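# Fold and geometry: a report
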Amino acid sequence: MTRFLAPSFSGYRRTSVRPDLLAGLAVWAVLVPESLAYAAIAGVPPVVGLYAAVPALALYALAGTSRQLVVSPMSATAALSAGIVAGIAGDGDPVALTTALALATGIVAVLAGLLRLGFLAAFISEPVLKGFIIGLALTIMIGQVPDLIGVDGGSGNFFQKTWAVLGQLGDIDALTIVVGLASLAALVVLRRTMPLLPGSLVVVLLAIGATVLFGLDDRGLAVVGHIDAGLPQAGIPDVTGPEFAEILGGAVGLMLVGFAEGLGAAKTYAAGQGYDIDPNRELVGLGLSNLGSGFLSGMVVNGSLSKTAVSAGAGARSQFSALTAAVLTVVTLLFLTGLFERLPEATLAAVVVAAVVELVDVRSLRRLWRVRTSRMARVYQVTARADFMGAAAALLGVLVFETLPGLVIGIAVSLILLLARTSRPRIATLAPVGDEPGRPWVDAARNPRYPAVPGILAVRVEAPLLFANAEYVRFRVRELAAQTPGLRLVVLDGRATPSIDVTAAAMLVQLRSDLQGDGCDLALAEGIGQVRDVLARIGAKGEPHLYTTLDDAVRAGRADHGPA
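Structural notes, computed from the coordinates.

Relative to the assigned elements, Thr105 resides in helix α4 (residues 94–114). A relative accessible area of 1% places Thr105 in the buried class. The residues contacting Thr105, other than those within four sequence positions of it, are Ala251, Leu254, Met255, Asn290 and Val300.

To continue, consider the pairing of strand β3 (residues 427–432). Counting buried positions over the six residues of β3 gives five, a clear majority of the element. As judged from the four bridges shared by β3 and strand β5 (residues 456–461), these two strands associate in the antiparallel manner. The partner of Thr429 across the bridge, within β5, is Val459.

Turning next to the nonpolar core. Within the largest apolar cluster, 109 residues are counted, with the highest numbers of intra-cluster contacts made by Leu101, Phe132, Met255 and Leu407. Ranked by size, the runner-up nonpolar core spans 27 residues in total, among them Val459, Val490, Ile500 and Leu522.

The mixed open sheet is built from six strands, whose spatial order is β4-β3-β5-β6-β7-β8. Of all the strands in the sheet, the pair left with one neighbour each is β4 (441–443) and β8 (545–547). Averaged over all pairs of adjacent strands, the angle between strand axes in this sheet comes to 35°, irrespective of strand direction. Two strands pair when backbone bridges link them, and β5 and strand β6 (residues 489–493) are joined in this way by five bridges, in the parallel orientation. When the bridges of β6 are listed, Ala458 appears paired with Val491. On the sheet, helix α18 (residues 470–482) packs against β3, β5 and β6 and is oriented at approximately 45° with respect to β3. Against the sheet, helix α19 (residues 502–517) engages β6, β7 (521–525) and β8, with an angle of about 140° to β7.

We now examine a positive patch on the surface. A surface patch of like charges, here positive, comprises Arg363, Arg366, Arg367 and Arg370. Of the residues examined, Arg363 reaches a relative accessible area of 61% and is grouped as exposed.

Basis of the calculations
Residues numbered from 1 in each chain as written. Predicted model: local features only at pLDDT ≥ 70, side-chain atom pairs only at ≥ 80, totals over all residues. Heavy atoms only, no water. Helix = DSSP H or I, 4+ residues; strand = E, 2+ residues; numbered from the N terminus. Buried < 20%, exposed > 50% of the residue type's maximum accessible area, 1.4 Å probe, protein only. Contact = heavy atoms within 4.5 Å. Pairing = 2+ DSSP bridges. Core = buried A, V, L, I, M, F, W, Y, C linked by side-chain atoms within 4.5 Å. Axes fitted to C-alpha atoms, helices over the stretch in contact; angles between N-to-C directions. Patch = residues over 30% accessible without salt bridge, like charges linked within 9 Å, V, L, I, M, F, W, Y side chains within 5 Å. Areas by Shrake-Rupley, 256 points an atom, 1.4 Å probe, with all protein chains shown as cover. Salt bridge = Lys/Arg side-chain N within 4 Å of Asp/Glu carboxyl O. Lys, Arg positive; Asp, Glu negative; His and termini not counted. Charge placed at Lys NZ, Arg CZ, Asp CG, Glu CD.

See the structure below:
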C-alpha cells in the first residue's frame, strides 16, 4: 500500500543520502538557468521561474509517487501560459495573470486527482502530443531569434513572427549575434562532448563573466537587468473574478499537457527501477505544486523529462534529491540573484533554443508516416495514417492558431479519425489450422495455405461492435456470405470484439434474419458472455445461436442443427 505522505521515501536508507545530495546539486545546476529562460518564454520576469521551482519541488515530494521526477517550469507549459495570458481581454497585469493561471491549474489538477480522473491523459495520444510539442518548440525558437540576433521581432503566429524576423535581417546587431551564436555553439559543444557537465550553467556563468570583464552591457548588449533578491511574496494574485473565470478554461488544457508530459517521464523511470506510478496521486502532486507556485508568485509547473533524466542519471534514489535542489534554489534567491543581472539576453535566448531544439523530432514524424501498409490502406482508406494525421494536425494547429487551439485541433482530429476507423473495422475471414481438437483459427488472407471449412464462413470483427459500425458490419458480412459458395453457416468469432452495445446486438438479430433469407444461418462463438447478457436484456427474438468455441459452431453447422 502506498504511504499517504512522501511515498517516494518509503523504505528510505541512509546509504541513499549521498547520491540524492549529488543528484540535487546536478538538478540545481540545470534548473536555475532553465527556470530563468522559461520564465522569459512565459512573458514574466526571469525570477518568477525561480519562485515557481521551490514550492513545486517541495510539494511534489510530499504527494507524488515518482522517486526521480523533477517538477519545475517547463518550455511547453510556459509557452501555453504565455498564449493563454495574452488572449485574456482587459489590461490585467501579466505577472498576476500568470500566477493566477498556476493557481487555477493547481485547483483543476487536485480536483481531477480526487475524482480519480487520471485516465484523462489518454485523450492526448502520443502522436498528438509529439506534434504539439514540435510545433511548440518551433514557435518558442522563432520567438527567441530576435533576442539572439538583436532585432525587435514581431507578433502573431509562427509564420508571422518568421516573416517579421526575415524583414529585419538588415538590422542585426553585430555584438548581440556574436554573443548569441557563441553561446549557442558552446551549449551544443558541451552537450556533445561533456554531457555530464551542466552546460547551461557553465555557459551562463561564462557569458556573465565576459560581460563584466569587457563591459559588454556598456557597449549596447542587452542584459537581463535587475532581479529582485529574497524570497517571493506569498498571497493570492490580484486578478478580478471574470479574469480568473476566463483563465479556468486554459487551465484545463495546461493541466492535461503538463500531466501527460510529467506522467510519461515518471512512468519511464519507474519502469526502469521496478516500482509503480499512481496517475491519480500524480494529478494531486501536480496540483499541489501549481497551488504552491501560484501562492508564492510563481508560474505553471509540470514534470520535466530533461531534468528528470539529469536527476536519474546522477543517481537519485528519492525525492530527497528534489528537496536538495529546492534548498539550493532558495540560497540562489537569497544570495545569488545579483550574479544573474548581467546575463546577456542573447545568452538566455540561446539557453532556451538549446533546451527546446531537441524537441523538434522530425524522425518521429517520419516513423508515424511509415506506419501504413497496403492492407491497412485497403481497410481504413484515408485513416490508414491516423497517427501521423493527428500529429500533423496538432503541429500545424500550433503554428497557425497558437498553442491551446493547436492542441484542441490535434485532439479533435485524432478522435475523429478514431471514430472513422471504428466505423469501418477490418473483418477477417478465418481458417482452421489442422484437425486436432482445440485447433487455432487464423486469418485466411494472411495464411492462404490453410483452407476454409466448406459451407462455413468464420469471420472476426477486429473492433468493438457499436452503433457507429453496426450497419457496416452487417453489410460487409452479407457481402462475404454472398461470395461463399454452398454456405450453410456464418460464425462470428467474438474474441476480438471486447464490447457490444444495444444497437449492435439488434443488428446481429437482423443479420441472422437476412442470412436466413439467403438460405444460411448465423452463430456466435468465443467470448460470448457479454453478447448473451445484452441480447437477454433487450429481449431480442430470433437471436443467433451461441457456442463456446468455433469448432462447436462448425460441428453444429455440419450437422445442420442448433445447440442442444
